[in-house]
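Take a look at the letters that make up each chain.
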Amino acid sequence: MDFKNIAAGMLADKLGVDNAQVGGIMDKLIGGGDKMDVAGLLGNLKDQGLGDIASSWLGDDANQSISADQLKEAIGAEDITQAAAQLGTDENSLLGGLQAALPQLVDKASSGGKLLDSVGGLGALGGMAKKFL
């Protein structure tokens, strides 16, 4: 299962843009490079005192919501601004789409609270585990 395509599709649906536009932007927003890193995003949330939110997304129970401001802080304001411009949308719309899509993405990428290897590889998973322990 390609979680990048799932995430891009979710965000594209929320923003009403073409899925192809979103793929590369997802890599930058959720990884800061050429590969999506959900584990890194969850680690950033934990580092900012939002570990309860991140943990709820991993578990099988209901997902806690994240505010636009919290998400902007976790991803980075500059990256949000650039991504919104590239997609031809405003920051609030992009953040709203991410607020809806990211918890669903992590749910689909996890089972019983364990992030699947295909999201970020064993290295990313190990890095996240260290942050949560």
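Predicted, not measured: the structure shown is a model, and the values here were computed from it.

Draft legend 1. Representation of the nonpolar core. Formed by 34 residues in total, the largest nonpolar core has its most connected members in L29, L94, L98 and L102. Of all the secondary-structure elements, those providing two or more residues to this core are helix 1 (3-15), helix 2 (19-29), helix 3 (38-47), helix 4 (51-58), helix 5 (68-75), helix 6 (77-87) and helix 7 (91-108). With six residues, the single largest contributor to this core is helix 7.

Draft legend 2. Quick peek at the confidence of the model for the protein. Residue-level pLDDT values for the protein average 79, and 76% of them are 70 or greater. Within the protein, helix 6 carries the highest mean pLDDT (93), whereas helix 8 (residues 117-132) carries the lowest (45). Considering only residues more than four positions removed or in separate chains, one finds that residues 117-133, a stretch of pLDDT under 50, has 26 contacts.

Draft legend 3. Expanded view of helix 7. Between the first and last C-alpha of helix 7 there are 25 Å, a value that for 18 residues agrees with the 26 Å anticipated at 1.5 Å per step. The largest bend along helix 7 measures about 25° and falls at A101, with the proline P103 one to four residues further on. Taken as a whole, helix 7 has its buried residues at L94, L95, G97, L98, A101, L102, P103, L105 and V106. Near the N-terminus of helix 7, the side chain that reaches the backbone nitrogen of N92, with its oxygen 3.1 Å away, is that of D90.

About the thresholds
Residues numbered from 1 in each chain as written. Predicted model: local features only at pLDDT ≥ 70, side-chain atom pairs only at ≥ 80, totals over all residues. Heavy atoms only, no water. Core = buried A, V, L, I, M, F, W, Y, C linked by side-chain atoms within 4.5 Å. Buried < 20%, exposed > 50% of the residue type's maximum accessible area, 1.4 Å probe, protein only. Helix = DSSP H or I, 4+ residues; strand = E, 2+ residues; numbered from the N terminus. pLDDT = per-residue confidence, 0-100. Contact = heavy atoms within 4.5 Å. Expected span 1.5 Å × (residues − 1). Bend = angle between axes of the 7 residues up to and from the residue. Polar contact = N/O pair within 3.5 Å; in protein donor to acceptor, adjacent residues only side chain to side chain.

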